[in-house]
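# Examining the three-dimensional arrangement
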Number of protein chains: 2
Amino acid sequence: MSLKKGYIHIYTGNGKGKTTAAIGLGVRAVGDGLRVCMIQFMKGRRYSELDGLAHLPNFTVVQFGRDEFVSKEKPEQIDIDFACKGLAYAKEVLHKDLYDVLILDEINVAIDYHLIDVKEALQLLQDKPPHMELIFTGRYAPPELIKHADVVSEILEIKHPYQKGIQSRKGIDW
Amino acid sequence: MSLKKGYIHIYTGNGKGKTTAAIGLGVRAVGDGLRVCMIQFMKGRRYSELDGLAHLPNFTVVQFGRDEFVSKEKPEQIDIDFACKGLAYAKEVLHKDLYDVLILDEINVAIDYHLIDVKEALQLLQDKPPHMELIFTGRYAPPELIKHADVVSEILEIKHPYQKGIQSRKGIDW
């Protein structure tokens, strides 16, 4: 089933809920018979969401990253390589037109960290099949992307236990 | 599997992504072996997300509402009855302690519309089993709830096609 016009969505901001909002949108799309792919940038850990999503038909998750912290000032070559491979995979997905919804999880951060050039991200918008929904998540969404997006949500952190130094918890935060 | 301390989460604001963020959190929790219940207030439509979530083990969705528009100024008795039943169901879920994550979807709006008294919502916080995660979604979260919450995300609408008068679309927006 294809939608007539697919939008470009952005979930950004410093609050909790960006990746989960994209996942929830994917769950909704799967419920409507659509095919969803989520490419995770800068993530290599076996997050609990992957085990949850494994139950869903037509929801594919591919990770391009590792579990280590990436330095914004001095990213390692392996982090740049992972991001480039993720970008190449995204291009292939767009080109082959195998999905109705493509989530580029944390790509905004990969752009902000200069692992991916913003021009490459803008090229993805050009390559998007008209029916496909394309979703960018992560803090620091670049203005160039926001300019071209149809739906932009900024999630603000009003309150968070991290503010009190409390650690994140498996199953809830990751 | 139970977490040591369950938080009170709020997803509010005028932007897209509140219900989907809660769903995504639920998917993550299910992936970690937790049991999730979502009670939807003021909703009676067979949303696509329900068909997606039907694939997941241990993710229960119960609706208390109807598909008709609810007037804030003059809600009908049936809308008040639905909300009261949803509240009673939430109390039962808390009392029986059958779930690890309880999502009260759109309850903030039900409070804002005076279908539910804010004191009743605050009582839910008192009744929460310590391990349970309790999630409130919807615009207009009352300050009394925000005061007692651990995690509060406000989702701002930066851009949305509705601004241009474009209708919502099945599979993506509902």
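Residues numbered from 1 in each chain as written. Chains lettered and ligands numbered in written order. Predicted model: local features only at pLDDT ≥ 70, side-chain atom pairs only at ≥ 80, totals over all residues. Heavy atoms only, no water.

## Points about the relation of the copies chain A and chain B
- The two copies are related by a screw motion: chain A maps onto chain B through a turn of 180° and a shift of 0.0 Å along the axis, at an RMSD of 0.0 Å. What we have between these two chains is a two-fold relation.
- Of the residues that chain A buries at the interface, 100% are likewise interface residues in chain B, meaning the two copies contact each other through the same surface. (Least-squares fit on C-alpha atoms with pLDDT ≥ 70 in both. Contact = heavy atoms within 4.5 Å.)

## Side note on the pairing of strand β1 (residues 8–12) of chain B
Residue and element names in this part refer to chain B.
- Counting buried positions along β1 yields five of five residues, so the element is predominantly enclosed.
- Across the two faces of β1 the burial is the same, with Ile8, Ile10 and Thr12 and His9 and Tyr11 all buried.
- Summarising the sheet, β1 and strand β6 (residues 151–159) pair through four bridges and their orientation is parallel. Residue pairing for β6: Thr12 is matched across the bridge by Glu154. (Buried < 20%, exposed > 50% of the residue type's maximum accessible area, 1.4 Å probe, protein only. Helix = DSSP H or I, 4+ residues; strand = E, 2+ residues; numbered from the N terminus. Pairing = 2+ DSSP bridges.)

## Considering the packing of helix α3 (residues 77–96) of chain B against helix α5 (residues 118–127) of chain B
Residues and elements named next belong to chain B.
- Close contact between α3 and α5 brings their axes to 10 Å; oriented N to C, the two are set at 10°. Looking at the two axes, α3 sits roughly parallel to α5. Note on element contacts: α5 touches α3 through Glu120, Leu124 and Asp127, opposite Leu87, Ala90, Lys91 and Leu94.
- Grouping the amino acids of the contact of α3 with α5 by side-chain chemistry returns four nonpolar, no polar and three charged. (Axes fitted to C-alpha atoms, helices over the stretch in contact; angles between N-to-C directions. Parallel < 35°, antiparallel > 145°, perpendicular 65-115°, else oblique. Nonpolar A, V, L, I, M, F, W, Y, C, P; charged D, E, K, R; others polar.)

## Concerning the packing of helix α1 (residues 18–31) of chain A against helix α1 (residues 18–31) of chain B
- At a minimum axis distance of 6 Å, the contact between α1(A) and α1(B) shows a crossing angle of 90°. Comparing their axes, α1(B) and α1(A) come out roughly perpendicular. Judged by residue contacts, Thr19(A), Thr20(A), Ala21(A), Ile23(A), Gly24(A), Leu25(A), Val27(A) and Arg28(A) of α1(A) engage Thr19(B), Thr20(B), Ala21(B), Ile23(B), Gly24(B), Leu25(B), Val27(B) and Arg28(B) from α1(B).
- Class assignment of the residues belonging to the contact of α1(A) with α1(B) gives a composition of eight nonpolar, six polar and two charged.

## Digging into the pattern of salt bridges
- For the structure on display, the rule yields 34 salt bridges over all chains.
- Of the charged contacts, one joins Asp32(A) and Lys170(B) as a salt bridge, the two residues approaching to 2.4 Å between their closest N and O atoms. Highlighted residues: Asp32(A) in the loop between α1 and β2 (36–41) and Lys170(B) in the segment after β6, drawn from two different chains.
- Assessed through its relative accessible area of 7%, Asp32(A) is described here as buried.
- On the basis of relative accessibility, which here comes to 36%, the residue Lys170(B) falls in the partly exposed class.
- Across the pair Asp173(B) and Lys16(B) runs a salt bridge, and its minimum N-O distance is 3.0 Å. With Asp173(B) in the segment after β6 and Lys16(B) in the loop between β1 and α1, this pair connects stretches of sequence that are 157 residues apart. Just as Asp173(B) is buried, Lys16(B) falls in that class too.
- Where salt bridges share partners, they join Lys16(A), Arg169(A), Asp173(A) and Glu133(B) into one cluster. (Salt bridge = Lys/Arg side-chain N within 4 Å of Asp/Glu carboxyl O.)

## Regarding the interface of chain A and chain B
- The partner chain B presents 54 residues to the 54 residues of chain A that form the contact.
- In terms of surface lost to chain B, no three residues of chain A exceed Arg28(A), Lys159(A) and Ile172(A), which account for 18% of the buried area on that side.
- Counting across the chain A and chain B interface gives six salt bridges.
- Between Arg169(A) and Glu133(B) there is a salt bridge, and its shortest N-O distance comes to 2.6 Å.
- In this assembly, chain A and chain B are joined by 28 residue pairs in polar contact (both at pLDDT 80 or more).
- Of all the secondary-structure elements, those providing two or more residues to the side of chain A that touches chain B are β1 (8–12), α1, α2 (48–53), α6 (143–148) and β6 (151–159) of chain A.
- Residues belonging to the side of chain A that touches chain B are distributed by class as follows: 24 nonpolar, 15 polar and 15 charged.
- Judged from the seven bridges that link them, β6(A) and β6(B) form a sheet pairing that is antiparallel. Within the sheet, the bridge partner assigned to Glu157(A) lies in β6(B) and is Ser153(B). (Buried area = accessible area lost by both parts, 1.4 Å probe. Polar contact = N/O pair within 3.5 Å; in protein donor to acceptor, adjacent residues only side chain to side chain.)

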